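# Topology and contacts: notes
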Amino acid sequence: MAVATCLVSSSPRLTTPARGSSSWQRLRNMQPRCAAATGDGRKTTVGSKASGDKLEVCRVVNGMWQVSGTSWGRAEPAAGADAMLRYADGGLTTFDMADISMSSTSAARALSPAAAARPPVPRRLRPARCSGGAAETATAAGPARVTTVSNSGDSLPICRVLNGMWQTSGGWGPIDRDYAVDAMLAYADAGLTTFDMADHYGPAEDLYGMFINRVRRERPPELLEEIKGLTKWVPPPVKMTRKYVEDNIDRSRKRMDVASLDMLQFHWWDYSNPGYLDALKHITDLKEEGKIKTVALTNFDTERLQIILENGIPIVSNQVQHSIVDMRPQQRMAELCQLTGVKLITYGTVMGSLLSEKFLDTNVSIPFAGPPLNTPSLQKYKRMVDAWGGWSLFQALLQTLKKVSLKHGVSIATVAVRYILNQTSVAGSMVGVRLGLSEHIKDTNAIFSLELDEEDMNSITEASKKGRNLMDIIGDCGDEYRA
């Protein structure tokens, strides 16, 4: 005969509650219920007199029916496991699920010892911080983790691998803002403290504002000092008055909830309209007034960069497309950068994940034969592969990268980013983050400990040069946007 006991089921939605939110307060209020010994009634024992089987349970049970479908919202296993840890840390240690609630069992597995190879979202782990001066290294002999971009007394230290937030603009999956901010905190806690966004990347600037406020409330001041938010302004080619420029800069400052933008990267669509110089002069004035810390460009070509510098604009960096397939920045642009001290920040470095094991030994030209090209970045960079030399030649490049990756025990993407970071005038490279949807913190941090030797660099360079020179096909940096 079973022992009858009254248990109350409380059904949490497995998200990570923000400190101060109603969910957080609910969790705090429930903590005392199962925090003491069995004798005070907060725990009870269920058992069978016939068999002698017994189990001690908390009298408030966390019910997990809510992860069984989309009616309650999306339940991502890693984030769900992190939320379960918070309930357990709060003393609510009994979980109820069923074999038909697939997400609940996935989250439970994520908490088990067997799942150690795939831990939940890191919680304030700081294995490798991007702090200190430009000479700081990941290990005693490893490559530098931080560099400083500077010009005319303006300077900004950045992590050499930046978290790119283009993926928040739509086309990669739905963005849940709470999940996204939790993910940003995980990247920052893991030492990846520089975020790149734009005024037109959907909610990116707003997410940064939410994130930086949580850092201010929940993290130590030294982490707040390390975090950098780089944004872009991409205006239409209209008349650039002081008021128009300032209104747009103020909008980004408000969305990001900062008094001064760490870096403003300026884009211009039409070189035949010289208004870009007027805009940059107003931006420089706003920098002098303290609304911007550093002025930068994105997708400008070599000729216009030189004109801008000759007009006395203190440009610290130019963000351009740069990968093993697209080596255009190492031609005219890198030479000017060496002469002037301007640095390059690169995007498209892993080509939307084309440079990964996922696309090795695949044929995307046959429907359903390979991974789908189902994101804007995959579609964009597949066009670059086609212009460079086609899929068969790209497979040969992936084979070369795989050989190097196996030699060092890292991923193909890690090798691809390290190769570009080793190029002339490159200060940092972007790795896109699908916030709350997936994460690649371990692979990203591996970039800093990877050292490619001369044989590695030469083999990759040789494979890259087998393709066409994209400078001859597309033009200089950024010309793909002005064809």
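I will try to describe carefully the structure that is included in this document. All values derive from a computational prediction rather than experimental measurement.

### Focus on helix H15 (residues 454–465)
A rise of 1.5 Å per residue sets the reference length of H15, with its twelve residues, at 16 Å; its end C-alpha atoms lie 16 Å apart and thus fit the reference within 8%. Of the residues making up H15, those classed as buried are Asp-456, Met-457, Ile-460, Ala-463 and Ser-464. Along the axis of H15, the buried residues cluster in a sector spanning 130°; they form a single face. Residues Glu-454, Glu-455, Glu-462 and Lys-465 are exposed on H15 and point more than 90 degrees away from its buried face. Packing partners of the buried residues in H15 comprise helix H11 (376–388), helix H12 (391–408) and helix H13 (412–421). If you check the start of H15, you find a side-chain oxygen 3.1 Å away from the backbone N of Glu-455, and it comes from Asp-453.

### As for the packing of H12 against H15
One way to put it is that H12 packs onto H15 with a least axis distance of 9 Å and a crossing angle of 165°. Judged on the interaxial angle alone, H15 and H12 are roughly antiparallel. Note that H12 runs across H15; the crossing there is left-handed. Contacts from Leu-397, Thr-400, Leu-401, Val-404, Lys-407 and His-408 in H12 reach Glu-455, Asp-456, Ser-459, Ile-460, Ala-463 and Ser-464 in H15. When its residues are assigned to classes, the contact of H12 with H15 shows five nonpolar, four polar and three charged.

### What about the packing of aromatic side chains?
Applying the stated rule across the entire model yields 13 aromatic pairs. Both rings, one in Phe-195 and one in Phe-211, keep their centres 4.9 Å apart while their planes meet at 55°; by these two values the pair is tilted. Placement of the pair is Phe-195 in strand E9 (residues 194–196) and Phe-211 in helix H5 (residues 204–218), with a sequence separation of 16 residues. Judged by its relative accessible area of 0%, Phe-211 falls in the buried class. One aromatic cluster is present, formed by Trp-233, Tyr-244, Phe-266, Trp-268, Tyr-271, Tyr-276 and Phe-300 through successive ring pairs. Against the face of Phe-448 rests Arg-145, its NZ or CZ located 3.9 Å from the ring centre.

### What about the nonpolar core?
In this structure, Tyr-208, Phe-211, Phe-266 and Phe-394 are the most contacted members of the largest nonpolar core, which totals 111 residues. Apart from residues no more than four positions distant in its own chain, Phe-211 is found in contact with Val-181, Met-184, Leu-185, Ala-188, Phe-195 and Ile-227.

### Some words on helix H14 (residues 441–449)
Within the sequence span of H14, burial applies to Ile-441, Thr-444, Asn-445, Ala-446, Ile-447 and Phe-448. Packed against the buried residues of H14 are strand E7 (154–159), strand E8 (161–164), helix H4 (177–189), H13 and strand E15 (426–432).

### Quick notes on the environment of Arg-482
Summarising the element assignment, Arg-482 is placed in the segment after helix H16 (470–473). Given a relative accessible area of 19%, Arg-482 falls into the buried group. Considered as a pair, Arg-482 and Trp-269 are 213 residues apart in the sequence and their alpha carbons are 6.6 Å apart. Excluding its chain neighbours within four sequence positions, the residues that come into contact with Arg-482 are His-267, Trp-268, Trp-269, Tyr-271 and Asn-299. From its side chain, Arg-482 meets the backbone oxygen of Trp-269 in a polar contact 3.4 Å long. A distance of 2.8 Å separates the side chain of Arg-482 from the backbone oxygen of Asn-299, its partner in a polar contact.

### Thoughts on the sheet that holds strand E10 (residues 228–233)
Taken together, the eight strands give a closed barrel; going around it, the order is E8-E9-E10-E11-E12-E13-E14-E15, and neighbouring strands pair in parallel fashion. Here the strands of the sheet are splayed against their neighbours by 30° on average, with no regard to which way each runs. Bridge count for strand E11 (residues 263–266) against strand E12 (residues 295–298) is three bridges, and the pairing is parallel. Paired with Phe-266 across the strands is Leu-297, a residue of E12. Across the sheet, helix H8 (residues 275–288) lies against E10, E11 and E12, angled at about 175° from E11, the strand it touches most.

About the criteria used
- Residues numbered from 1 in each chain as written.
- Predicted model: local features only at pLDDT ≥ 70, side-chain atom pairs only at ≥ 80, totals over all residues.
- Heavy atoms only, no water.
- Helix = DSSP H or I, 4+ residues; strand = E, 2+ residues; numbered from the N terminus.
- Expected span 1.5 Å × (residues − 1).
- Buried < 20%, exposed > 50% of the residue type's maximum accessible area, 1.4 Å probe, protein only.
- Arc of directions from axis to C-beta.
- Contact = heavy atoms within 4.5 Å.
- Polar contact = N/O pair within 3.5 Å; in protein donor to acceptor, adjacent residues only side chain to side chain.
- Axes fitted to C-alpha atoms, helices over the stretch in contact; angles between N-to-C directions.
- Parallel < 35°, antiparallel > 145°, perpendicular 65-115°, else oblique.
- Left-handed = near helix turned anticlockwise from the far one by under 90°.
- Nonpolar A, V, L, I, M, F, W, Y, C, P; charged D, E, K, R; others polar.
- Phe/Tyr/Trp six-rings, centres within 6.5 Å; stacked < 30°, edge-to-face > 60°.
- Lys NZ or Arg CZ within 6 Å of the ring centre and 35° of its normal.
- Core = buried A, V, L, I, M, F, W, Y, C linked by side-chain atoms within 4.5 Å.
- Pairing = 2+ DSSP bridges.

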